[in-house]
Amino acid sequence: MNIYLIGMMGSGKSTVGKLLAKKMKMPFVDLDHYIEVKNNKSISDIFKENGESHFRILESKALRHMEDFTVIVACSGGIVLSEENRKFLNASGKVVMLQASLNELANRLHNAIDRPLLQNKERVQELTKIWNKRKDHYLSTAHLSVDADQTPEAVSSQIIQQIQS
Ligand code: S3P
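What you see is a predicted model; the values in this text were computed from it and never measured. (Residues numbered from 1 in each chain as written. Predicted model: local features only at pLDDT ≥ 70, side-chain atom pairs only at ≥ 80, totals over all residues. Heavy atoms only, no water.)

(A) Quick peek at the site of the ligand. The local shell around the ligand holds 13 residues, among which Lys13, Asp32, Arg56, Arg115 and Arg134 are the closest. Residue Arg56 places a side-chain N or O atom 2.8 Å away from an oxygen atom belonging to the ligand. Contact between the ligand and Arg115: an oxygen atom at 2.6 Å from a side-chain N or O atom of the residue. The residue makeup of the shell around the ligand, split by class, is five nonpolar, three polar and five charged. (Near = heavy atom within 4 Å. Polar contact = N/O pair within 3.5 Å; in protein donor to acceptor, adjacent residues only side chain to side chain. Nonpolar A, V, L, I, M, F, W, Y, C, P; charged D, E, K, R; others polar.)

(B) The pattern of salt bridges, seen in detail. Enumeration according to the criterion identifies nine salt bridges in this entry. In this structure, Lys23 engages Glu153 in a salt bridge whose closest nitrogen and oxygen atoms are separated by 2.7 Å. Taken together, the residues Lys23 in helix α1 (residues 13-24) and Glu153 in helix α8 (residues 152-164) connect sequence positions 130 residues apart. Owing to a relative accessible area of 32%, Lys23 belongs among the partly exposed residues under this scheme. The partner of Glu83 in a salt bridge is Lys87, with the nearest N and O atoms 3.4 Å apart. Separated by four residues within a single helix, Glu83 and Lys87 lie in helix α5 (residues 83-92), roughly one turn from each other. For Glu83, a relative accessible area of 44% puts it in the partly exposed group. Taking the relative accessible area as the measure of exposure, Lys87 reaches 55% and is therefore exposed. Each of Glu52, Arg56 and Glu59 takes part in salt bridges that share partners, so that together they form one network. (Salt bridge = Lys/Arg side-chain N within 4 Å of Asp/Glu carboxyl O. Helix = DSSP H or I, 4+ residues; strand = E, 2+ residues; numbered from the N terminus. Buried < 20%, exposed > 50% of the residue type's maximum accessible area, 1.4 Å probe, protein only.)

(C) Representation of unusual backbone geometry. Backbone geometry places Lys25, a non-glycine residue, at a positive phi of 50 degrees. Turning to its location among the elements, Lys25 is positioned in the loop between α1 and β2 (28-30). A residue is classified by how much of its surface remains accessible, and Lys25, at 75% relative accessible area, is exposed.

(D) Fine view of the nonpolar core. Ranked by internal contacts, the top residues of the largest apolar core, which has 52 residues, are Tyr4, Ile6 and Ile159. For Tyr4, the contacting residues outside a window of four places in its chain are Leu63, Met66, Val73, Cys75, Phe88, Leu89, Ser92, Gly93, Lys94, Val95 and Val96. (Core = buried A, V, L, I, M, F, W, Y, C linked by side-chain atoms within 4.5 Å. Contact = heavy atoms within 4.5 Å.)

(E) Just the packing of aromatic side chains, in detail. Scanning all chains against the criterion turns up three aromatic pairs. Residues Tyr4 and Phe88 carry aromatic rings whose centres are separated by 6.5 Å and whose planes lie at 65 degrees to one another, so their mutual orientation is edge-to-face. One end of the pair, Tyr4, is in strand β1 (residues 2-6); the other, Phe88, is in helix α5, and 84 residues separate them in sequence. We note that Tyr4, like Phe88, is buried. Judged by centre distance (6.1 Å) and plane angle (20 degrees), the rings of Trp131 and Tyr138 are stacked. Both residues of the pair, Trp131 and Tyr138, belong to the buried class. (Phe/Tyr/Trp six-rings, centres within 6.5 Å; stacked < 30°, edge-to-face > 60°.)

Written as structure tokens, this is what we have:
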């Protein structure tokens with residue numbers, strides 16, 4: 001069974017995913033990285049040259065490929081924007097939401113230059129807008145949710161505990 005980590009940019013999906021994969025002895029896939037390798041282009045360049053809507057198509061295609069494996073997947077933050085993706089995730093694995101506070105996300109993403117959706121320095125404002133648009137989707141897609149303000153070690157331990165209980 002696949003484990004899908006969902007949540008906002010900066011919630012720690014990739015870091016926690018790697019740790020979780022090590023602890024659970026499962027392979028790990030970072031969906032953004034998978035898209036970059038498949039398309040031989042960085043996420044920033046895909047946004048710049050092909051636009052967000054094209055990125056969303058590549059994102060959905062990449063997600064479908066995960067069905068061919070048994071893996072832990074760190075999904076890209078916007079994966080829940082599509083209803084098809086939400087249905088797919090919910091039906092094809094265990095979906096874990098990493099829920100971090102907006103202040104914590106803003107701190108972690110303070111200097112990030114590789115997130116095309118964060119364009120100005122008003123991080124909390126930008127993230128609040130994105131969160132308000134997505135929160136219901138994250139919550140309705142996830143089978144379980146973990147407080148992601150904690151350390152990656154604590155988050156991964158909690159996920160394992162919750163999956164096993
Ligand atoms: C996005 C999140 C990013 C990346 C792209 C768009 C989003 O992934 O896919 O910048 O829409 O939230 P991470 O969540 O891994 O940062």
